[in-house]
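Chain and residue survey
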Amino acid sequence: GEVWRPPRGSRRVDTDLTARPTAHRASEQPSSFFPHVVSSMSHTGAVEVIPAEAIAAIVAGIEPSSIVVGTSGLPGGLSSWMTRIEVQRSDCSRHSLVVRRGRRPDAERHTLSFGVEFELLRHLDAHGIPVARPRAFDDSGRILPQAYVVLDFVQGTTRFTTDDPIGMAIQMADVLAAVHDLDA
């Protein structure tokens, strides 16, 4: 599996994070520039580290002119490690990516494979369904030992309750209807 590169198009920009200034592009950054990313899962206590070289390679494959300015583990994910990578683009705008990868490369998945998930998200995004935009999928093992998918980061929180249940139900129904209107 080759790393998929999306066509150029509109991109969502997050500007809520501060970063260290640098003149290096992701493909040129020395491994000492940013630390290894440590992701932890609060429900298991497990910890995983992504080498800085892997972060640089992932970003260079998606946004070669961008600068990596920060990384952090994201909470959640019962079966996946999730890492946020903040990049600064050549126009100085900021954007965050999320790398999702299986916790154990050799473990059997009981959900959609990352490749199927990537293609599904790509199809939904192409038809205007509100999803985190898929940016890349790689199962080659060249950068990380396990398959991974890269998505645009979407700012927000998971909501289990709402002050407007009718409005929320209408929004959900509208999205569900749009999904059902899609051709396979």
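Residues numbered from 1 in each chain as written. Predicted model: local features only at pLDDT ≥ 70, side-chain atom pairs only at ≥ 80, totals over all residues. Heavy atoms only, no water.

For helix α1 (residues 52–62), a buried count of eight out of eleven residues is recorded, marking the element as mostly surrounded by other parts of the structure. Of all the residues in α1, the buried ones are Ala52, Ala54, Ile55, Ala56, Ile58, Val59, Gly61 and Ile62. (Buried < 20%, exposed > 50% of the residue type's maximum accessible area, 1.4 Å probe, protein only. Helix = DSSP H or I, 4+ residues; strand = E, 2+ residues; numbered from the N terminus.)

Next up on the list: the nonpolar core. Counting residues in each nonpolar core, the largest one holds 15 residues, and the members touching the most others are Ile58, Ile85, Val99, Leu144, Tyr148 and Val150. Contributing elements (two or more residues each) for this core: α1, β4 (80–88), β5 (94–102) and β7 (148–152). In this structure, Phe118, Leu121, Val149 and Leu151 belong to the second largest nonpolar core, which totals six residues. (Core = buried A, V, L, I, M, F, W, Y, C linked by side-chain atoms within 4.5 Å.)

A word on the packing of aromatic side chains. For the structure shown, the criterion picks out one aromatic pair. Directly above the aromatic system of Phe153 lies the positively charged group of Arg84, at a separation of 3.9 Å from the ring centroid. (Phe/Tyr/Trp six-rings, centres within 6.5 Å; stacked < 30°, edge-to-face > 60°. Lys NZ or Arg CZ within 6 Å of the ring centre and 35° of its normal.)

Attention shifts here to the sheet that holds β4. Hydrogen bonds between backbone groups are what pair the strands of a sheet, and the pairing can be parallel or antiparallel. Taking strand neighbours across the sheet as the criterion, the five strands line up as β3-β4-β5-β7-β6 in an open arrangement whose pairing is antiparallel. A strand with exactly one partner marks an edge of an open sheet, and here the two such strands are β3 (67–73) and β6 (134–138). In this sheet, adjacent strand axes meet at a mean angle of 20 degrees when their direction is disregarded. Note that β5 and β7 share five bridges and pair antiparallel. The partner of Arg100 across the bridge, within β7, is Val149. (Pairing = 2+ DSSP bridges. Axes fitted to C-alpha atoms, helices over the stretch in contact; angles between N-to-C directions.)

As for its position among the elements, Ser96 is in strand β5. Among the polar contacts made by the side chain of Ser96, one reaches the side chain of Arg84 at a distance of 3.1 Å. (Polar contact = N/O pair within 3.5 Å; in protein donor to acceptor, adjacent residues only side chain to side chain.)

Pairs may arise between side chains of opposite charge once their charged atoms sit close together. Under the criterion given, the structure shown has seven salt bridges. The shortest N-O distance in the salt bridge between Arg89 and Glu63 comes to 2.8 Å. Here Arg89, found in the loop between β4 and β5, pairs with Glu63, found in the loop between α1 and β3; they are 26 residues apart in sequence, far enough to count as distant. Pair check on accessibility: Arg89 and Glu63 agree, each one buried. Between Arg135 and Asp152 there is a salt bridge whose closest N-O contact spans 2.9 Å. Separated by 17 residues along the polypeptide, Arg135 in strand β6 and Asp152 in strand β7 bring together distant segments of the chain. Under the relative-accessibility criterion, Arg135 is labelled buried at 0%. Judged by relative accessible area, which is 6%, Asp152 ranks as buried. (Salt bridge = Lys/Arg side-chain N within 4 Å of Asp/Glu carboxyl O.)

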